[in-house]
Amino acid sequence: MRSLRKRPHDGFDRVMWPCEWLDHFPASTTSLRKCCKAITKSRIKGKYDKIMKIVTRFAPSPTGFLHIGGARTALFNWLYARHYSGVFHLRIEDTDKIRSEAASINAILNGLNWLNILWDGDPIFQSTRINRHIEIIKSLLKKGAAYYCYATIEELKEMRAKGKNTGQFIGYDGRWRDRDQREAPPGVLPTIRLRVQREGETILNDLVQGRVTVMNKQLDDMILLRADATPTYMLSVVVDDHDMGVTHVIRGDDHLMNALRQAQIYQAMGWEMPQFAHIPLIHGPDGTKLSKRHGALGVETYREIGFLPEAICNYLTRLGWSHGDIEIFSTNQAVTWFDIRDVGRSAARFDLAKLTAINAHYLRRMADSQLVKLLLPHIKTLIGVPVDTVGQCRLEAAMPSLKLRARTISELAKAALFYVQPRPLSLNKKACQYLDSFGRATLMVLAERLAASCRVWEAQALEDDIRQLALEQNLTLGALARPLRAALTGAVVSPPIFEVMQILGREESLARLDDVLACQCEVLSYQCEEL
RNA sequence: GUCCCCAUCGUCUAGAGGCUCAGGACUCCGCUCUUUCAAGGCGGCAACACGGGUUCAAAUCCCGUUGGGGACACCA
């Protein structure tokens, strides 16, 4: 349940709320809330287009892979921009050169590409904009909105410790706020801090979290320029968002407090603030912020495991956002339906089981030929050699059945392996158990019958034949199918065995039976131990 | 510790004061189909954190409590 009372209606209330919209309201006692719902998006959208172009951005710092939380933030920004025919930018926040890595940048770019979250224009590297950031800091200094601070690291540590002990103030105490620079200690390189307002409160009308208020005395004078003359994130992000014309900042809830602090920079510069939407974080199974500690993986790892990008996007979009009861939707549907107002306010736990279930759905819907393409690298890894043309044909023919039995590409690869493994097939332990002396005797009869059979090698005909044989031998079909499956697939679980025979073909099927029959019991059991 | 945010089945969620002794999805458990395993079909278990208000009527609005999370760097 979410309350609209505290939430701004959307990003545009300041532009056209409420007088223009009131014309659309029915002249009844129906509440304002219901009217908001009643106005169709298309009508609103027509107005948006005339009034303002939506600009969103995803701004990761390249300090690691693109994780699942980052991917969702990117996705929400992308969806929002696309929904309103706006612009979605990618900005790499690489101002901390020590922690930024080229490999991370690649991982982020590749991850977004794979998920088909495509940004407009070239990625913007924050590090290339340092001169502009410094220019703004100088201008703040000139306005008296910023000042030099000569406090040492040790002093700052002391302040924090004192704050915690007294349970009062936390952070910088403003000791250089009004002090004469001529008192500067020799040899200390200064930082530049923002002169944050002391009185009153700062209010943020967040599109997701609603109205958030904080007393200004809770905000200390944050550093804009480090002692090494590099700008901090807090400053850069504001300058870049402003210069890029970002209208909507959609980011993780962990930035909520930053928005309050950044508001002071916007104010000091006299810039209009963008709309903020702080989306709830994704939590691990234990309910805390998803992190490496939970074994959180980069999106490329999900790719390697065999998840489909459509499935990941579907799952991630549905995490914290909903459109009624609809669970499965296409990207186009998501773009049509997505709006920040439908994003929930509470954190969601990452549930691999549900992701896997959604992946299974997309896997089944995917074209067989396309699946084979995705499957080949996985199988190559398993058998060590590329799959030949015959193998590829078998895989494609088998795909309709195989894909019902797998939820990820790697599961699919394991299930499909027996189709392309070279003879003699290795058998797993359970399969060996079905090939005891009784099983082998049964198989012998079966092999003779199949070898002598003149009928076409086709699933239905084979099934008819073997059912007939079962009748003659006074056996159940299962009693024949079990050793047959063991010998042909090396396992006790497989797609329907007559279909398997058809796809393997007469020659290969009979050869696999011969392999087992030619093999001594001791060898079989030896094989089992190996497995 | 201080500040901020959050609260419906185990998980993701529907819910806009009366259509709801709360619906869907995942998970789990039955049954069915069946040559195995799946898939499919049918069914089941399972939630409005608590306490006060407001109202004819509260999961829904207000206040408080409790619980959970996040932020408190010369990181981003």
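Structure: see above.
Residues numbered from 1 in each chain as written. Chains lettered and ligands numbered in written order. Predicted model: local features only at pLDDT ≥ 70, side-chain atom pairs only at ≥ 80, totals over all residues. Heavy atoms only, no water.

1. What about the sheet that holds strand E3 (residues 124-125)?
On the basis of which strands lie adjacent, the open sheet formed by three strands has the order E1-E2-E3 and parallel pairing. Edge strands, defined here as strands with exactly one partner in the open sheet, are strand E1 (55-58) and E3. Two strands pair when backbone bridges link them, and strand E2 (residues 87-92) and E3 are joined in this way by two bridges, in the parallel orientation. Across the sheet, the residue bridging to Ile92 is Phe125, located in E3. On the sheet, helix H5 (residues 68-83) packs against E1 and E2 and is oriented at approximately 165 degrees with respect to E1. (Pairing = 2+ DSSP bridges. Helix = DSSP H or I, 4+ residues; strand = E, 2+ residues; numbered from the N terminus. Contact = heavy atoms within 4.5 Å. Axes fitted to C-alpha atoms, helices over the stretch in contact; angles between N-to-C directions.)

2. Side note on helix H9 (residues 233-243)
Across the eleven residues that make up H9, a large majority, eight, are buried. Here H9 has its buried residues at Met234, Leu235, Ser236, Val237, Val238, Val239, Asp240 and Asp241. Where H9 is buried, its residues contact E1, E2, helix H7 (130-143), strand E8 (223-225), strand E9 (248-252) and helix H10 (256-269). (Buried < 20%, exposed > 50% of the residue type's maximum accessible area, 1.4 Å probe, protein only.)

3. Some words on the sheet that holds strand E5 (residues 191-194)
Strands sit in the order E4-E5-E8 across an open sheet of three strands; the sheet is antiparallel. Since the sheet does not close on itself, it has two edges, and those belong to strand E4 (146-149) and E8, each with one partner. Pairwise comparison of adjacent strand axes, ignoring direction, gives a mean angle of 45 degrees for this sheet. Across two bridges, the pairing between E5 and E8 is antiparallel. In the sheet register, Arg193 faces E8, and the bridge partner there is Ile223.

4. Concerning the environment of Ala347
Here Ala347 shows up in the loop between helix H13 (331-337) and strand E12 (348-349). A relative accessible area of 38% places Ala347 in the partly exposed class. Through-space distance from the C-alpha of Ala347 to that of Gly439 is 56 Å; in sequence the pair is 92 residues apart. Each residue touching Ala347, except ones within four places of it in the same chain, is listed here: Pro280, Leu281 and His283.

5. Some remarks on the environment of Leu290
On the secondary structure map, Leu290 appears in the loop between strand E11 (282-283) and helix H11 (299-305). Taking the C-alpha atoms as reference points, Leu290 and Ala459, 169 residues apart in sequence, are found 49 Å from one another. What Leu290 contacts, discounting residues up to four positions off in sequence, is Ile68, Ile282, His283, Gly284, Ala296 and Phe350.

6. Some words on the nonpolar core
If you look at the biggest cluster of nonpolar residues, it comprises 105 residues, and the most contacted ones within it are Leu395 and Tyr419. Residues Ala146, Leu204, Leu225 and Met269 belong to the second largest nonpolar core, which totals 32 residues. (Core = buried A, V, L, I, M, F, W, Y, C linked by side-chain atoms within 4.5 Å.)

7. A closer look at the pattern of salt bridges
Applying the stated criterion across every chain yields a total of 27 salt bridges. The partner of Asp243 in a salt bridge is Arg132, with the nearest N and O atoms 2.6 Å apart. With Asp243 in helix H9 and Arg132 in helix H7, this residue pair connects regions lying 111 residues apart in the sequence. Judged by relative accessible area, which is 24%, Arg132 ranks as partly exposed. Notably, a salt bridge pairs Arg261 with Asp220, separated by 2.4 Å at the nearest N-O pair. With a gap of 41 residues between them, Arg261 in helix H10 and Asp220 in the loop between strand E7 (210-215) and E8 connect regions that are remote in the sequence. The pair Arg261 / Asp220 is uniform in exposure class, with both members buried. By sharing partners, the salt bridges in this structure join Arg57, Arg91, Glu93, Arg129, Arg132, Glu135, Asp240, Asp241 and Asp243 into a single network. (Salt bridge = Lys/Arg side-chain N within 4 Å of Asp/Glu carboxyl O.)

8. Brief notes about the pairing of E9
By the criterion of burial, E9 is predominantly enclosed, with five of the five residues buried. By the bridge criterion, five bridges tie E9 to strand E10 (residues 275-279) in an arrangement that is parallel. Note that in E10 the partner of Arg251 across the bridge is His278. Tracing the backbone out of E9, into H10 and back to the parallel element E10 gives a crossover that is right-handed. (Right-handed = clockwise from strand over helix to strand, strands pointing away.)

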